Amino acid sequence: MLTNLFDGVAYGMLLFVLACGLSVTLGLMNFINLAHGAFAMAGGYVAAYCVNRLGAPFLAGLPLAFVASALTGVVLERTLYVHVYGKSHLDQVLFTIGLVFMSVAAVDFVQGSQQQFIALPAFLRSRFEVLGVSIGAYRLLIIGICGALALALQLALTRTRFGSRLRAAVDDPRVARGLGINVDAIFMVTFAVGSGLAGLGGALGAEILGLDPSFPLKFMVYFLIVVTVGGASSIIGPFLASILLGVADVAGKYYVPEAGAFVIYTVMIVVLLWRPQGLFAPRLAR
């Protein structure tokens, strides 16, 4: 049981690092980016290419995936996304879902439709026992990286000048510009970081989730569930929601295999019936 709990926490942490960029763009920038999974897929393929074909160490492939996805995010944000910020949410959904299908077709043409995995080094494939709990080194690495990211993001958004400027730019861009805040640069950096985190999540999750051209479509719902259940107004909400959903998903597949992945949707429905604004979002005043 404790082993399943550990694996569920690791899976939840992976969901968080995949979805936290969407939480930033949706909750803080008020922009619906359904193409978030495409950046995760890009990071996964960059890491797989560097590790499997170029022979780069796995731990070196992770920052390369982050940088590649972040740079891709900067280019697309400056050329395409910047024109959609002021549009309606429906326009944003249609625009970004179009990017998803374009990315799926492009990757399928270049890489083919076969599923790929990243070759892990021997020390990450090992398992060891602590107090009767079987712990995988790779999942322990995921927990460590994702926990550090959650803490760093929360501190950056709540305790730094950049976080204050970002909130001001979202609340009222015109007033923010009048105060000397470079709103365009703030949005560009925020989008780049969100895209880079998605790419890092794609690289970390390639061995567990698999990597193929349909990746953005298969896991789009999971990203949205994490942000919806946790609430899009903070980082802590999606972080705790990811752990809850990860543990529920792993436990459901182990103890109720006939239900399959339906357990995570059941948790989402129950939470949203109880708190439509998200489990960890502040209650709306009546």
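The written sequence of each chain sets the order in which its residues are numbered from 1. The predicted nature of this model means local features are confined to residues of pLDDT at least 70 and side-chain atom pairs, given and counted, to a pLDDT of 80 or more, with totals for whole chains, interfaces and linings taken over all residues. Excluded from the side-chain calculations are hydrogens and water; all other atoms, namely the structure's heavy atoms, are used.

As annotated in an unreviewed UniProt entry, the protein is Branched-chain amino acid ABC transporter permease from Limobrevibacterium gyesilva. In UniProt, the protein has this text filed under Subcellular location (unreviewed entry): "Cell membrane". UniProt positions are given in the numbering used here, feature names are shortened, and annotations may be inferred rather than shown by experiment.

Take the overall build of the protein next. Where helices and strands are cited, they refer to DSSP runs of H or I of at least four residues and of E of at least two residues respectively, numbered from the N terminus. Tallying secondary structure elements over the protein gives 12 helices and two strands in all. Listing every helix and strand of the protein by position from the N terminus yields α-α-α-α-α-β-β-α-α-α-α-α-α-α. We take the radius of gyration over the C-alpha atoms and set the globule estimate at 2.2 Å times the residue count to the 0.38 power. For the protein, the C-alpha radius of gyration of 19 Å lies close to 19 Å, the compact-globule estimate for 286 residues. For the protein, the spread of C-alpha atoms along the three principal axes comes to 60 × 50 × 35 Å. Buried, partly exposed and exposed residues are distinguished by accessible area as a fraction of the type maximum, computed with a 1.4 Å probe on protein chains only: under 20%, between the cut-offs, and over 50%, respectively. Across the 286 residues of the protein, 48% fall into the buried class. Only heavy atoms matter for contacts: two residues are in contact if any of them lie within 4.5 Å across the pair. Within the protein, residue pairs in contact and separated by at least 24 positions form 75% of the contacts whose partners lie at least 6 positions apart. Surface accessibility in these figures is a Shrake-Rupley result with a 1.4 Å probe; residues are shielded only by whichever protein chains are displayed. When the accessible area of the protein is evaluated, it comes to approximately 13,500 Å², of which 68% is carbon and sulfur surface.

A few words on the packing of helix α6 (residues 137-159) against helix α7 (residues 161-171). In this analysis an axis means a line fitted to C-alpha atoms, helices contributing only their contacting stretch, and an angle means the value between N-to-C directions, from 0 to 180 degrees. At their nearest, the axes of α6 and α7 sit 5 Å apart, and the two run at 65° to each other. Classified by the interaxial angle, the pair formed by α6 and α7 is roughly perpendicular. Contacts from A156, L157, T158 and R159 of α6 reach α7 at R161, G163, L166 and R167. Amino acids are sorted into nonpolar (Ala, Val, Leu, Ile, Met, Phe, Trp, Tyr, Cys and Pro), charged (Asp, Glu, Lys and Arg) and polar (every other residue, Gly among them). Counted by class, the contact of α6 with α7 contains three nonpolar, two polar and three charged residues. Here is the rule for angles: anything less than 35 degrees is roughly parallel, anything more than 145 is roughly antiparallel, 65 through 115 is roughly perpendicular, and the remaining ranges are oblique.

This part is about the pattern of salt bridges. In the sections that follow, a salt bridge refers to a side-chain nitrogen of Lys or Arg positioned within 4 Å of a carboxyl oxygen of Asp or Glu. In the structure shown here, the tally under the stated rule is four salt bridges. Of the charged contacts, one joins K218 and D212 as a salt bridge, the two residues approaching to 2.8 Å between their closest N and O atoms. For K218, a relative accessible area of 38% gives the class partly exposed. Relative accessible area serves as the criterion here: at 8%, D212 is assigned to the buried category.

A few words on the pairing of strand β2 (residues 133-136). Residues V133 and I135 line one face of β2 and the alternating positions S134 and G136 line the opposite face, and both faces are buried. The pairing criterion for strands is at least two bridges between them, as found by DSSP. In the sheet, strand β1 (residues 127-130) pairs with β2 via four bridges, with the strands oriented antiparallel. Bridge pairing in β2 places V130 opposite V133.

A few words on helix α10 (residues 215-230). The first and last C-alpha atoms of α10 sit 22 Å apart over 16 residues, in line with the 22 Å expected at 1.5 Å per residue. At V221, α10 shows its largest bend, some 25°. Residues of α10 that are buried include every one of F215, P216, F219, M220, Y222, F223, I225, V226, V227, V229 and G230, and no others. Among the residues trailing α10, G231 stands out with phi positive, at a value near 90°. Multiplying 1.5 Å by the residue count of a helix minus one yields the expected span of that helix. Working definition for bend: take the seven residues up to and ending at a residue and the seven starting at it, fit an axis to each, and measure the angle between the axes.

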